[in-house]
Amino acid sequence: MNELFFFAELREKMGKELLKRDVSGMNVQEVKQVLIDEYELIKINEAMVAINEEFASSTTVVREGDKVAFIPPVSGG
């Protein structure tokens, strides 16, 4: 089982910060596609991803027990 964390506008779209789901064995891009297909999180493709608090590439494979965070770009001023 994995914990998927959502921040900023992605959290608002999901309606929650945390989703527990088994995505082990998938790479980051595959996880993003599942979230697009099931939750219509189109903007997730713009998000940076961290696995266990370390930034990950789209080809990084998620392992059992990993915590995956989706961090969309933010702007401010």
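Up top is the structure these notes are about.
Here the structure is a predicted model, which is why all the values come from computation and not from measurement.

## Observations regarding the pairing of strand β5 (residues 67-71)
Consideration 1: Where strand β1 (residues 2-6) and β5 come together, four bridges link them in parallel fashion. Residue pairing for β5: F6 is matched across the bridge by F70.
Consideration 2: Pairing of strand β3 (residues 48-51) with β5 involves four bridges; the strand directions are antiparallel. For I51, the partnering residue across the bridge sits in β5 and is V68.

## A few points about a nonpolar patch on the surface
Consideration 1: The grouping of F7, M48, F55 and I71 at the surface amounts to a nonpolar patch, some 380 Å² of accessible area in total.
Consideration 2: Looking at the secondary structure, you find M48 in strand β3.

## Examining unusual backbone geometry
Consideration 1: Backbone geometry places A8, a non-glycine residue, at a positive phi of 55 degrees.
Consideration 2: Position of A8 among the secondary structure elements: in helix α1 (residues 8-14).
Consideration 3: For A8, a relative accessible area of 30% puts it in the partly exposed group.
Consideration 4: For E53, which is not a glycine, the phi torsion comes out positive at approximately 70 degrees.
Consideration 5: If you trace the backbone, E53 turns up in the loop between β3 and β4 (54-56).

Reading guide: rules and limits
- Residues numbered from 1 in each chain as written.
- Predicted model: local features only at pLDDT ≥ 70, side-chain atom pairs only at ≥ 80, totals over all residues.
- Heavy atoms only, no water.
- Pairing = 2+ DSSP bridges.
- Helix = DSSP H or I, 4+ residues; strand = E, 2+ residues; numbered from the N terminus.
- Patch = residues over 30% accessible without salt bridge, like charges linked within 9 Å, V, L, I, M, F, W, Y side chains within 5 Å.
- Areas by Shrake-Rupley, 256 points an atom, 1.4 Å probe, with all protein chains shown as cover.
- Salt bridge = Lys/Arg side-chain N within 4 Å of Asp/Glu carboxyl O.
- Buried < 20%, exposed > 50% of the residue type's maximum accessible area, 1.4 Å probe, protein only.

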